[in-house]
Amino acid sequence: MSKALRIVVPVKRVIDYAVKVRVNPSKTDVDRNVKHSMNPFDEIAVEEAVRIKERLPSTEIIAVSCGSAKSQETLRTALAMGADTAIHVEVADDSKLQPLAVAKLLKAIAEEQKPDVIILGKQAIDDDSNQTGQMLAGLLNWPQATFASKVEISDTLAKVTREVDGGLETISSKLPVIITTDLRLNEPRYASLPNIMKAKKKKLTKSSPEQLKVDIAPRLETLKVEEPPKRQGGKKVESVDDLIDKLKNEAKVL
Ligand code: AMP
């Protein structure tokens, strides 16, 4: 690798994957007053960037998070995992921040930082949008390799294996490129205590939509948020005839 590689990794603070998500009483959103952590697919993205840096030590990893002041905790986690610097794009109400707005903010960051690779999660587990990486590639007019299960970066090329229906597809792209991570790409490391301490001293820069000249007004309005219907308890049947009778006369599906 002749020149130092620059990798931007966007990381989102989301409701922790282990929390049982509940709808708020006014049915306008989910209850966000619960434990949050880094979006799991973004942990995979940070891990992949760190593994590339382990192979190519001159690599610089820049973690970026758009959201409220609390997103800085997520950035510190990325720094403790091995990112070099972080950028916090402060947005007052992150529940109103939609993928297109994030993609526009990340485009502005990419124009400033001039990365060779941007590795995003394939989707955020809160909005399940699966849009930001694709829209960012469109806005930047860069090639994209989505749902990566293997990534190899050389001087000017990225070779990415993607999980597709019934097999694997391997594609090659010139840099700069957008990559989004699938679940099987790697197993993210836990940040060690010394690295958590070191991360506190790493550089975290603040930015804002105004500074980046991006309009983040939402384009979509949430009309209603509902819990899935409660499951009815099961019933045991005595015989096949009994089952057929119940399917015909009770469930009325036959
Ligand atoms: P989504 O399109 O919302 O499913 O998110 C896909 C990916 O975009 C995430 O895994 C992150 O890498 C990135 N992303 C989404 N929202 C944000 C955010 N607010 N800050 C930083 N990165 C984000």
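Here is what the cut-offs are and how they apply
Every chain's residues receive numbers from 1 upward, in the order its sequence appears when written. Side-chain atom pairs in this predicted model are given and counted only at pLDDT of 80 or more, local residue features only at pLDDT of at least 70, and totals for whole chains, interfaces and linings cover all residues. To obtain the side-chain values, all non-hydrogen atoms of the structure were included, while hydrogens and water were left out. UniProt positions are given in the numbering used here, feature names are shortened, and annotations may be inferred rather than shown by experiment. Space inside and on the surface of the protein is sampled on a 1 Å grid over the protein atoms alone, with a cavity defined as a set of points where a 1.4 Å probe fits but cannot get out and a pocket as an open set with protein on both sides within 12 Å along at least 5 of 7 lines; lining residues have an atom within 4 Å of a point. Grid points are joined across faces, edges and corners, and a volume is the space filled by probe spheres set on the points. Residues are grouped as follows: nonpolar covers Ala, Val, Leu, Ile, Met, Phe, Trp, Tyr, Cys and Pro; charged covers Asp, Glu, Lys and Arg; every other residue, Gly included, is treated as polar. A run of H or I in DSSP becomes a helix once it reaches four residues, and a run of E becomes a strand once it reaches two; helices and strands are each numbered from the N terminus. Only protein chains enter the accessibility calculation, which uses a 1.4 Å probe; a residue is then buried when its area is under 20% of its type maximum, exposed when over 50%, and partly exposed in between. Two residues form a contact once any of their heavy atoms are found within 4.5 Å. Strands qualify as paired when DSSP identifies two bridges or more between them. Seen with its strands pointing away from the viewer, a crossover is right-handed when the path leading from the first strand over the helix to the second is clockwise. An axis is simply a line fitted to the C-alpha atoms; with a helix, the fit covers only the stretch in contact. Between two such axes, the angle follows the N-to-C directions and lies from 0 to 180 degrees. Roughly parallel means an angle under 35 degrees; roughly antiparallel means over 145; roughly perpendicular covers 65 to 115; every other angle is labelled oblique. For a crossing to be left-handed, the near helix must be turned anticlockwise from the far one by less than a right angle; the clockwise case is right-handed.

The name an unreviewed UniProt entry assigns to the chain is Probable electron transfer flavoprotein subunit beta, from the organism Mortierella isabellina. Check the Sequence similarities (unreviewed entry) section of the UniProt entry for the chain; it says "Belongs to the ETF beta-subunit/FixA family."

Colleague: An account of empty space enclosed by the protein is requested, with residue identities and associated values reported.
Modeller: All chains considered together, the criterion is met by one cavity of 30 Å³ or more. Empty space within the largest cavity amounts to approximately 60 Å³. Taken together, Gln98, Leu100, Ala101, Lys104, Asp215, Ala217, Pro218 and Arg219 form the lining of the largest cavity. For the lining of the largest cavity, the residue count by class is four nonpolar, one polar and three charged.

Colleague: Report on the layout of surface pockets, specifying residues and quantitative values.
Modeller: In this structure, the largest pocket occupies an estimated 1400 Å³ of space. Every residue lining the largest pocket is counted, 50 residues in all, and those nearest its centre are Lys12, Arg32, Leu97, Asp126 and Asp127. Elements with a minimum of two residues in the lining of the largest pocket: β2 (13-15), β4 (60-67), α3 (99-113), β6 (117-121) and α4 (132-140). Class assignment for the residues of the lining of the largest pocket results in 20 nonpolar, 17 polar and 13 charged. Elements represented by at least two residues in the lining of the second largest pocket include exactly β3 (36-38), α1 (40-55) and α2 (71-81). The biggest single contributor to the lining of the second largest pocket is α2, with five residues. Class assignment for the residues of the lining of the second largest pocket results in eight nonpolar, four polar and eight charged.

Colleague: Lay out the side chain of Thr180 with the relevant residues and their values.
Modeller: Tracing the chain through its elements places Thr180 in strand β10 (residues 177-181). According to the relative accessible area criterion, Thr180 is buried, its value standing at 1%. Those residues in contact with Thr180, other than ones at most four positions away along the chain, are Leu120, Gly121, Lys122, Gly133, Ala145, Thr146, Phe147 and Ala148.

Colleague: Outline the pairing of strand β5 (residues 85-90), listing residues and values.
Modeller: Counting buried positions over the six residues of β5 gives five, a clear majority of the element. In this sheet, β5 lies alongside β4 in parallel orientation, the contact comprising six bridges. Considered in β5, the bridge of Cys66 is made with Val89. Regarding the hand of the β-α-β motif, the stretch spanning β4, α2 and β5 is right-handed. Sheet topology note: the β5/strand β11 (residues 204-207) ladder contains four bridges and is parallel. Of the residues in β11, the one forming a bridge with Ala86 is Leu204.

Colleague: I'd like to hear about the pairing of β6, residue by residue, with values.
Modeller: The element β6 is largely enclosed, with a buried count of five among its five residues. Of the two faces of β6, the one holding Val117, Ile119 and Gly121 and the one holding Ile118 and Leu120 are both buried throughout. Across two bridges, strand β1 (residues 6-10) lies against β6 in parallel orientation. When the bridges of β6 are listed, Val8 appears paired with Ile118.

Colleague: Give me the lowdown on the packing of α3 against α4, citing residues and values where you can.
Modeller: For the pair α3 and α4, interaxial distance at closest approach is 9 Å and the crossing angle is 50°. In terms of orientation, α3 lies oblique with respect to α4. Crossing of α3 over α4 shows right-handed handedness. When α3 is examined against α4, the residues Pro99, Leu100, Val102, Ala103, Lys104, Leu106, Lys107 and Ala110 are found in contact with a partner set consisting of Thr132, Met135, Leu136, Leu139 and Leu140. Here the residues of the contact of α3 with α4 sort into 10 nonpolar, one polar and two charged.

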